[in-house]
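Chain residues, written in single-letter form:
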Amino acid sequence: MGGGTDRNTGGGGRPTSRDVARLAGVSHTAVSFVFNGRAEGNLSPATQERIRQAAAQLGYRPDPVARGLRRRRTAVIGLVTDEIASSPFAGRLLRGAMETAWDSDHLVLTIDSGGDPAKEDAAVAELLDRRVDGIIYAAMSLRRVRVPEGLHRTHSVLANCLPEDDSLPSVVPAERAGGRTAARLLLEAGHQRIALVGGQDDIASVERLRGFRDALRAEGITVPKEWVVRTGGEITSGYEGATRLLEGTEPHRRPTGIFCYNDRVAAGVLHAATRLGIAVPGDLSVVGYDDQEHMAAYLTPALTTVALPHREMGETAARLMLDAIDTGRTPPATVRRLACPVVSRASVGPAPTR
């Protein structure tokens with residue numbers, strides 16, 4: 001009972017294209033045409049359908065390795081990143097890249113370097129040895145990066161980072177425009193006394209502050225120097241910065257709106273406001289940045305924020321890569337800046353009248 005073979009495959013192993021040809025009553029070449037995308041104009045629709053039905057009956061799938069050797073491609077894209085395990089945003093970027101690649105019959109092979117340059121070089125070398133069709137290098141926070149040398153030996157695109165030597169194409173958030181967007185949320189609600197809390201001297205902080213100042217300057221508003229409070233990027237940073245701005249200050253002299261460097265900072269600002277008896281959004285409106293998953297929507301009140309386009313960065317980087325693979329040309333070393341959309345919730349209200 002257990003010793004028989006599959007009469008359709010002729011041997012009991014993985015079905016081959018020749019098995020499909022025998023079952024469909026066509027040539028082996030006809031089967032190759034169907035699964036290499038060359039059937040149109042060479043085979044009638046009826047013959048194509050007969051081949052597909054035979055393949056489905058046998059459970060036949062083309063061998064991706066053999067197909068890759070013929071096309072000199074592996075249908076695999078490498079993705080090297082610095083901190084997948086620790087970033088709350090990594091999943092979005094990875095999903096964007098993986099699903100875009102999958103839609104074009106490519107897989108993504110991901111390696112987390114932990115931010116170690118030696119590991120990055122080794123990871124890129126390993127991917128090149130495996131003959132991936134190209135490599136996406138992604139950082140989980142916007143910064144300038146040392147480009148691993150091996151990236152120049154294949155099609156390469158950077159995501160959420162900029163090359164120190166400007167040698168490769170990159171896809172990044174439009175941070176300055178995002179800062180303008182955040183400030184306008186408060187301006188359009190009637191706020192004139194607006195402060196900024198959090199951040200340091202990294203690219204994202206600098207660009208968001210520039211955008212913030214752009215929007216206020218366009219309305220003829222000058223931000224007092226002491227209302228730009230650079231305290232870092234954590235919840236404690238927001239708490240400390242808001243306390244410095246709000247505690248012991250008469251209501252008509254304190255800001256009525258605060259733009260926060262990120263959602264963690266905003267959580268600290270909300271905590272400080274609660275402790276000081278300042279109602280949000282009745283007395284103070286708060287805007288975050290990042291739209292951090294499992295956080296921004298669950299604060300009290302739910303946080304209005306400017307989202308970082310992590311998924312779109314993954315999608316765009318993968319699309320650039322796939323275009324390069326198809327054309328054989330790496331895209332020019334330009335920077336694509338993706339819009340940071342508003343996510344409106346409950347932490348912004350009209351400016352108080354007093």
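The numbers attached to residues start from 1 for each chain and follow its sequence in the written order. Only residues with pLDDT of at least 70 are given local features in this predicted model, and only at 80 or more are side-chain atom pairs given and counted; all residues enter the totals for whole chains, interfaces and linings. To obtain the side-chain values, all non-hydrogen atoms of the structure were included, while hydrogens and water were left out.

Quick word on the pattern of salt bridges
Here is step 1: Within this document, salt bridges are pairs made up of a side-chain nitrogen of Lys or Arg and a carboxyl oxygen of Asp or Glu, the two lying within 4 Å of each other. Under the definition given, this model contains 19 salt bridges.
Here is step 2: Salt-bridge contacts for Asp290 lead to Arg208; the nearest nitrogen and oxygen are separated by 3.7 Å. Linking Asp290 in strand β11 (residues 285–290) with Arg208 in helix α8 (residues 203–218), this pair joins segments that are 82 residues apart in sequence. Take Asp290 and Arg208: they sit in the same class, and that class is buried.
Here is step 3: For Arg311, the salt bridge identified is with Glu315, shortest N-O distance 3.2 Å. Starting at the N terminus, helices and strands are each numbered in turn, a helix being any DSSP run of H or I of at least four residues and a strand any DSSP run of E of at least two. Here the term buried applies to any residue with accessible area under 20% of the maximum for its type, exposed to any over 50%, and partly exposed to those in between, with areas from a 1.4 Å probe on protein chains only.

Concerning the pairing of strand β8 (residues 194–197)
Here is step 1: With burial as the criterion, each face of β8 is covered, one bearing Ile194 and Leu196 and the other bearing Ala195 and Val197.
Here is step 2: We call two strands paired when DSSP finds no fewer than two bridges between them. In the sheet, β8 pairs with strand β10 (residues 257–260) via 4 bridges, with the strands oriented parallel. Each bridged residue has a counterpart across the sheet, and for Leu196 the counterpart in β10 is Phe259.
Here is step 3: Here β8 pairs with strand β9 (residues 228–229) via 2 bridges, running parallel. Its bridge partner lying in β9, Leu196 is registered against Val228.
Here is step 4: Handedness of the crossover joining β8 and β9 through α8 is recorded here as right-handed. Here, the term right-handed applies to a crossover whose path from the first strand over the helix to the second runs clockwise when the strands point away from the viewer.

Here we look at the domain arrangement of the protein
Here is step 1: The split of the chain into domains comes from an automatic or database domain assignment. Here the protein is partitioned into domain 1 (17–56), domain 2 (71–173 + 310–338) and domain 3 (175–308).
Here is step 2: For domain 1 and domain 3, the distance between their C-alpha centroids amounts to 62 Å.

Re the environment of Thr110
Here is step 1: Considering the arrangement of structural elements, one finds Thr110 in strand β2 (residues 107–112).
Here is step 2: For the pair formed by Thr110 and Phe33, sequence separation is 77 residues and the distance between their alpha carbons is 32 Å.

Observations concerning the packing of aromatic side chains
For any two aromatic rings, the description comes down to two numbers: the centre-to-centre distance and the angle of the planes.
Here is step 1: The aromatic pairing rule takes the rings of Phe, Tyr and Trp, using the six-membered ring of Trp, and pairs them if the centres are within 6.5 Å, calling planes under 30 degrees apart stacked, those over 60 edge-to-face and the rest tilted. Here the structure, examined in full by the defined rule, presents 2 aromatic pairs.
Here is step 2: Their ring planes at 45° and their centres at 6.1 Å tell us that Phe259 and Tyr289 sit as a pair that is tilted. With Phe259 in strand β10 and Tyr289 in strand β11, this residue pair connects regions lying 30 residues apart in the sequence.
Here is step 3: For Tyr289, a relative accessible area of 0% gives the class buried.
Here is step 4: Counting every residue linked through ring pairs, the aromatic cluster contains Phe212, Phe259 and Tyr289.
Here is step 5: When the NZ atom of lysine or the CZ atom of arginine is within 6 Å of a ring's centre and also within 35 degrees of its normal, the charge is said to sit over that ring. Between Arg208 and the ring centre of Tyr289, over which it is positioned, the NZ or CZ distance is 3.7 Å.

Examining helix α11 (residues 310–327)
Here is step 1: Given the number of residues in a helix, its expected span is that number minus one, multiplied by 1.5 Å. In this model α11 runs 26 Å from its N-terminal to its C-terminal C-alpha over 18 residues, within 8% of the 26 Å that 1.5 Å per residue would give.
Here is step 2: Of all the residues in α11, the buried ones are His310, Met313, Gly314, Thr316, Ala317, Ala318, Leu320, Met321, Leu322, Ala324 and Ile325.
Here is step 3: Note on contacts: a residue pair is in contact if any heavy atoms of the two residues lie within 4.5 Å. The inward-facing, buried residues of α11 abut β1 (76–81), α5 (90–103), β3 (134–138), β5 (155–159), β7 (170–173) and β13 (335–338).
Here is step 4: Where α11 terminates, the next one or two residues include Gly328, which has phi positive at roughly 80°.

Notes on the sheet that holds β10
Here is step 1: Spatially, β9-β8-β10-β11-β12-β14 is the arrangement adopted by the 6 strands of the open sheet, whose pairing is mixed. The strands lining the two open edges of the sheet, one partner per strand, are β9 and β14 (342–343).
Here is step 2: Relative to strand β12 (residues 304–307), β11 is paired through 4 bridges, and the arrangement is parallel. When the sheet's bridge partners are listed, Val287 is paired in β12 with Thr304.
Here is step 3: Convention adopted: a line fitted to C-alpha atoms gives each axis, helices being fitted over their contacting stretch, and angles between N-to-C directions are expressed from 0 to 180 degrees. With respect to the sheet, helix α10 (residues 263–276) is in contact with β8, β10, β11 and β12, its orientation differing from that of β11 by roughly 155°.

Brief notes about the packing of helix α1 (residues 17–24) against helix α3 (residues 45–58)
Here is step 1: Here α1 crosses α3 at 120°, and the two axes come no closer than 9 Å. Between α1 and α3, the angle falls in the class oblique. As α1 packs across α3, the resulting crossing turns out to be right-handed. Between α1 and α3, the residues in contact are Asp19, Val20, Leu23 and Ala24 and Arg50, Ile51, Ala54, Ala55, Gln57 and Leu58, respectively. Comment on the angle field: the value is read as roughly parallel under 35 degrees, roughly antiparallel over 145, roughly perpendicular from 65 to 115, and oblique elsewhere. Helix crossings are classified by the rotation of the near helix relative to the far one: an anticlockwise turn of less than a right angle makes the crossing left-handed, while a clockwise turn makes it right-handed.

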